[in-house]
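Analysis of the macromolecular model
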Amino acid sequence: MTFLSATWITTAVVGLVALSLPIIIHYLFRSRYRVMDWAAMDFLRQSLEEATRKIRFREFLLLLLRMALLALLAFSLMRPSSQNMPGSGETPVDAVFIMDVSGSMAVQEGNVSRLEASKRAALQILESLPTQSTIQIVQTGLHPSHLGPASPTNRDQARFLLDNLVVSHEPAYLTKSLVLAANLLVQSTLPNKEVYLFSDMQRSEWSARQELVIAWKALQEIGQVILVQSPQDAQPANATLLQLRPQAMMPLPGDRVPFFLEVRNVGNTALSGLTVSIYSGNGERDAEIQPLPALQPGETVTASLSTRLEQQGINLITAELQGDEFLADNRQQLVLETREKLRLLIIDGEYDATEPARSASFFLGHALKSLREVDNRAAESPVEIRIISAQEVLPTDMGGSDICIMVGSQAQERCKPEVLQRLARFVDQGGSLMIFTNVPISDSGLVELADILPARGARPFRRNSDSPLQFDGSSIPSASFLAPFRSSPFQRVLQTEVTQGCYWSEIHPDTVVVLRYTDLTPALLYRQAGKGSVILSGFRADLQGTDFPLKPGFVPWIQAMVSHAVNQQLGKKNILAGETYTWFTEHQQVAQRYELITPDGLQRHPLGKPQLVGNRYVLQTDKTQQAGVYRIVPETGREEIEAEGATSDLFTVAAQASETANLTALDAEQLKEYFETSPVILKAEYVETPTSLRSRIQQEWTMGLWWVLLLFCLGELAFSWWCNREV
């Protein structure tokens, strides 16, 4: 017997205390007699003693009956339930299977993976469910999915869904899955409910303890929760490929482009003999391969490899890691665009034609020019730079520009209002804007650029030269375009000293803080605005209040910002597993219905028609659980499109490194300590034989106990009335 109530111990204690109440009442209000001397009483003594014994016996029975009534009430509130072996009961149940398909489930345990062991256990438990039971399957993930079956009693479809589960490349997010399971059970109709969580109990998945325990206890209030733990004996030597980033700002077709790769040993043993390789398109045979030094546990190493970009436009880059025992996190792919010309417009608020070195754009302009020098192959530089004074710039000057950069403290103030209005439209239509300033943006700038700025409420600061602010490298997000500057060889730029700058107090909800000062105030902000993007810097790109241009990493920093802006114009085509992908379609494509093709080519998810969001037509999908290359194609005529090798859109998904950063799992004792109770745990490898399957809930007694309690109440009332009548 078990109790389904999470507070059954407290209920039992309260029930024991309540049992004393009838005894106290009995002795306080029992019948009392007044002694009177009466001669005739002697003749009635014998019959009086006999009547007294009867009354006391009836009162004692009434006391026991009331105590039993209270005990039965407390017992029913504890929700007692019986346990039987699988198949021994015929009472149907509403069952929910939560299937952990996170990256750690790909670990091989002998001849099978952890996921395969869980699938076998799930199929065995499915067979053991009583007739007329319902089954619903939930797949874990950032967006947990209710897979089906469409008819909860259709076991054939449930078997098909279980057989076709594959490992994803995102964390399990167990709390969200438990909440979804609870919602499904609330909507079910049978009184007996069971939830089976099939997982390897990976330690990192149980880190959010407070939220997970709350969801767990809430689910236990609805039904019985059973953990089915997959094998966890293997501890593979594992390294993961963390980053793959281009080091060229604007590659041309035919260029051999260097890429930055970061590899970390996330296992518990030292690794040697690791290699990394990189290639473009289908040129795996022409891949560049580089050996890596031996890595101790937790150690990270960077490598620089290059590959040739063969075609104009979209190029697919693949990097692979070889030499460890776990393959699920050894591959990354990204989409990179090549273009013939990049046009930059610099609006200088302090332009000095007579002494260019005093212009705010002096260092920035030289940094941009040095990114792509004219060589023997090209007649002209592929980077076209125009520098115009803020007083002289016209709205028409933005025509044909890809990126606009505003420098100098008075750039916005000196620009004409119509220029600022055109600049706002420039960003909304897909252009990229960068602003370098160490003072608050002018009132006119705030009015005209309000819809695109990442923040408002700028607060200037000044520091003494002996106590300047610097850049806080730890504040740079791991997925940011500035991530390479957190480590060697670029991290020296973090020693930049800022004595005059500004930060913001009113940050737009869509804004990403890319960098903070050492006092944790925002230094660099990024926002996607309309079709374009805006980068707002609280420090200048010259020597006014900072030594930023003198640092060795200044040119790579500017390169990273421009490269990010260029890639954003292409669209965010490189995302992490589980993230939502957004495709901005053209107007002529809005009448077409589309579908998503997964990396293995086996699944097609209908996406429907593009929807109007703001002033843009977009398609969105969160079916991005697997790492690899995804394609979006029209539903009609897709065979012809695939035959020609053309697709409507292309994007890549990378595995979430946090999922495989720690492959160790919690054991039964640790889970008991985690939940502060003893959860029901089954071993997936032992579920295959019915005789070894642990007991599971077949029937809850609560409803029956309530009927018995009602009968007890009626019986107590009738017996009490009869006792008073006899007296």
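This write-up is about the structure you can find in this document. Just so you know, these numbers come straight off a predicted model, no measurement behind them.

1. Quick notes on the pattern of salt bridges
Considering all chains together, one arrives at 15 salt bridges under this definition. Of the charged contacts in the structure, one is a salt bridge between Arg159 and Glu127, with a shortest N-O distance of 2.7 Å. Taken together, the residues Arg159 in helix 4 (residues 155–163) and Glu127 in helix 3 (residues 114–128) connect sequence positions 32 residues apart. Judged by its relative accessible area of 24%, Arg159 falls in the partly exposed class. Judged by relative accessible area, which is 43%, Glu127 ranks as partly exposed.

2. Quick look at the sheet that holds strand 24 (residues 512–517)
Taking strand neighbours across the sheet as the criterion, the 8 strands line up as 18-17-19-20-26-25-24-22 in an open arrangement whose pairing is mixed. Edge strands, defined here as strands with exactly one partner in the open sheet, are strand 18 (383–389) and strand 22 (471–472). Those strands touched by helix 9 (residues 417–428) are strand 19 (403–407), strand 20 (432–436), strand 25 (522–529) and strand 26 (532–537), and its axis lies near 135° from that of strand 19.

3. Some details on the packing of aromatic side chains
Following the criterion strictly, the structure yields 16 aromatic pairs and no others. Ring centres of Trp583 and Tyr594 lie 5.2 Å apart, and the angle between their planes is 90°; on these two criteria the pair is classed as edge-to-face. In this pair, Trp583 is assigned in strand 28 (residues 581–585) and Tyr594 in strand 29 (residues 594–597), connecting sequence segments 11 residues apart. An aromatic cluster of three or more residues is present, and its members are Phe471, Phe485, Phe539, Phe548, Phe554 and Trp557. Just above the ring of Tyr173 sits the side chain of Lys176; from NZ or CZ to the centre is 5.5 Å.

The rules behind the values
Residues numbered from 1 in each chain as written. Predicted model: local features only at pLDDT ≥ 70, side-chain atom pairs only at ≥ 80, totals over all residues. Heavy atoms only, no water. Salt bridge = Lys/Arg side-chain N within 4 Å of Asp/Glu carboxyl O. Helix = DSSP H or I, 4+ residues; strand = E, 2+ residues; numbered from the N terminus. Buried < 20%, exposed > 50% of the residue type's maximum accessible area, 1.4 Å probe, protein only. Pairing = 2+ DSSP bridges. Contact = heavy atoms within 4.5 Å. Axes fitted to C-alpha atoms, helices over the stretch in contact; angles between N-to-C directions. Phe/Tyr/Trp six-rings, centres within 6.5 Å; stacked < 30°, edge-to-face > 60°. Lys NZ or Arg CZ within 6 Å of the ring centre and 35° of its normal.

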